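So the chains spell out like this:
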Amino acid sequence: MNQESRSSVSEQQVVDYLSRNPGFFQNHLDLLEKMHIPHPSGNAISLISKQLEVFRVKHKEQESQLAALIDIARDNDAAFNRMHELTLAMLEARSIEDVVANLAEVLHDCFQTDFVAIKIIQDHSESPISNLFVAPEDSGLKYFTEELQFNKAKCGRPSFPQACFLFGDAAPEVRSAAIIPMVFTQMEGLLAIGSRDETRFHYSMGSLFLTQMSEVVGTRLIALLQWGG
């Protein structure tokens with residue numbers, strides 16, 4: 001092959017040929033030993049070494065991705081199990097008082113929370129649980145206008161008036177909380193979960209799981225209210 005013929009082969013043609021023939025170097029192992037690629041350190045390394053380096057990087061990336069997927073699966077399993085425990089606790093409740101007691105127990109045991117509050121917005125002066133029912137005209141509800149209007153859970157540090165309305169004397173201890181509206185046709189209310197840990201309920205937390213929780217609790221409360229439980 002003369003000089004003119006050699007110069008007519010472009011780099012792209014070489015790339016295309018090797019792409020179409022990935023097994024080319026298997027038949028020409030001697031070329032792999034002779035070829036060298038510049039390394040960031042300034043030293044030349046063989047093509048085989050470069051391939052091994054690329055494979056190691058890809059392997060580490062795949063390991064990281066797999067570890068992330070395993071963590072997500074583990075978190076999903078844990079969330080499913082916690083929701084299962086919550087659902088069973090609500091099904092076992094035979095009265096409004098049982099709902100409050102069972103909810104406090106399962107949230108403490110499964111969700112590591114410190115404070116729980118339920119507020120049902122309706123007149124019900126005969127309830128044996130103090131401050132469970134709140135009259136619709138109660139002035140304290142003005143602190144939850146946004147949550148109730150948009151029916152969306154909110155996480156973070158509650159305002160002090162919010163904490164006082166929900167948790168009473170324990171308000172100064174509440175460093176973070178999830179405030180979850182329960183807005184249904186048959187009932188309106190608030191479910192609140194508080195913690196002494198300021199990072200436990202962060203404003204960036206997703207609300208799907210909390211919304212599902214409110215649906216489970218709210219549905220049981222509605223059934224018991226209709227039965228006079």
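Refer to the structure printed above.
Since the model is a prediction, treat every value here as computed from it, not as a measurement.

Criteria and cut-off values
Each chain has its residues counted from 1, following the order in which its sequence is written. Residues qualify for local features only when their pLDDT is at least 70, as the model is predicted, and side-chain atom pairs are given and counted only at 80 or more; totals for whole chains, interfaces and linings, by contrast, use all residues. Excluded from the side-chain calculations are hydrogens and water; all other atoms, namely the structure's heavy atoms, are used. The secondary structure listing takes helices from DSSP runs of H or I that are at least 4 residues long and strands from runs of E that are at least 2 residues long, numbered from the N terminus. For each residue, the accessible area found with a 1.4 Å probe, counting protein chains only, is set against the maximum for its type, and the residue is called buried under 20%, exposed over 50%, and partly exposed in between. In what follows, a contact means two residues having at least one pair of non-hydrogen atoms within 4.5 Å. All accessible areas in this document rest on Shrake-Rupley with a 1.4 Å probe, and a residue is counted as covered only by the protein chains that are shown. Arc, as used here, means the arc of the directions from the helix axis to the C-beta atoms. Neither His nor the chain termini are counted; the positive set is Lys and Arg, and the negative set is Asp and Glu. Here, a salt bridge means any Lys or Arg side-chain nitrogen found within 4 Å of an Asp or Glu carboxyl oxygen. In the analysis that follows, any N or O atom pair within 3.5 Å is treated as a polar contact, provided that within protein one partner can donate a hydrogen and the other can accept it, and provided that, for residues neighboring in sequence, both atoms belong to side chains. Every axis in this analysis is a line fitted to C-alpha atoms, fitted for helices over the stretch in contact. Angles between the N-to-C directions lie between 0 and 180 degrees. The labels follow the angle: roughly parallel below 35 degrees, roughly antiparallel above 145, roughly perpendicular from 65 to 115, and oblique for the rest. Here is the rule for handedness: rotate from the far helix to the near one, and if that takes an anticlockwise turn smaller than a right angle the crossing is left-handed, while a clockwise turn gives right-handed. Throughout, the ten residues Ala, Val, Leu, Ile, Met, Phe, Trp, Tyr, Cys and Pro are labelled nonpolar, Asp, Glu, Lys and Arg are labelled charged, and all others, Gly among them, are labelled polar. Any two strands with at least two DSSP-identified bridges between them are counted as paired. Nonpolar cores are built from buried Ala, Val, Leu, Ile, Met, Phe, Trp, Tyr and Cys residues. Side-chain atoms within 4.5 Å join them into one set.

Glancing now at the overall build of the protein chain. In terms of regular secondary structure, the protein chain is built from eight helices and seven strands. Taken over 229 residues, the protein chain has a buried fraction of 32%. Long-range contacts, defined as pairs at least 24 residues apart, comprise 53% of the intrachain contacts of the protein chain with a sequence gap of at least 6. Element-wise, carbon and sulfur atoms account for 53% of the exposed surface of the protein chain, whose accessible area totals about 14,800 Å².

What follows concerns helix H7 (residues 160-167). Residues Gln162, Ala163, Phe165, Leu166 and Phe167 constitute the buried set of H7. Buried residues of H7, viewed axially, fall in a sector of 165°; they line one side. Against strand E3 (115-121), strand E4 (133-134), helix H6 (145-150), strand E6 (176-183) and strand E7 (188-195) lie the buried residues of H7. In the stretch just after H7, Gly168 is the one whose phi turns positive, near 60°.

Here we come to the side chain of Arg220. In this structure, Arg220 sits in helix H8 (residues 208-227). One buried charged side chain, Arg220, makes no salt bridge at all; its nearest oppositely charged neighbour is Asp98, positioned 7.7 Å away. From its side chain, Arg220 meets the backbone oxygen of Ala93 in a polar contact 2.7 Å long. Excluding its chain neighbours within four sequence positions, the residues that come into contact with Arg220 are Met90, Leu91, Ala93, Arg94, Val99 and Trp227.

What follows concerns unusual backbone geometry. At Asn151, a residue that is not glycine, the phi angle is positive and equals roughly 50°. The residue Asn151 is located in the loop between H6 and strand E5 (154-156) in this model. Residue Asn151 is classed as partly exposed on the basis of its relative accessible area, which comes to 38%.

The next point concerns the packing of helix H5 (residues 96-111) against H8. Relative orientation and spacing of two packed helices are given, respectively, by the angle between their axes and the distance between those axes. Closest axis-to-axis distance for the H5/H8 pair is 10 Å, and the angle between their directions is 160°. Here H5 lies roughly antiparallel to H8, going by the angle between them. Of the two elements, H5 crosses H8, and the hand of that crossing is right-handed. Between H5 and H8, the contacting residues are Ile96, Val99, Leu103, Leu107 and Phe111 on the first element and Phe209, Met213, Val217, Arg220, Leu221, Leu224 and Leu225 on the second. Here the contact of H5 with H8 is built from residues that sort into eleven nonpolar, no polar and one charged.

If you trace the five strands from one edge of the open sheet to the other, you get E4-E3-E7-E6-E5, paired in mixed fashion. Lying at the two open borders of the sheet, with one neighbouring strand each, are E4 and E5. Of the pairings in the sheet, the one linking E3 to E7 comprises six bridges and is antiparallel in character. The partner of Ile118 across the bridge, within E7, is Leu191. Here H5 sits on the sheet and contacts E3 and E7; the angle it forms with E3, its principal contact strand, is near 145°.

On to the nonpolar core. Ranked by internal contacts, the top residues of the largest apolar core, which has 30 residues, are Leu103, Ile118, Met213, Val217 and Leu221. Put simply, the parts of the chain that give this core at least two residues each are helix H4 (47-92), H5, E3, E6, E7 and H8. Ignoring any residue separated from it by four or fewer positions in sequence, one finds Ile118 in contact with Val99, Val100, Leu103, Asn131, Leu132, Met182, Leu190, Leu191, Val217 and Leu221. Core analysis: the next-biggest nonpolar cluster, separate from the first, contains 18 residues, Ala163, Ala171, Val174 and Ile179 among them.

Any functional reading would require information that these geometric values do not contain.
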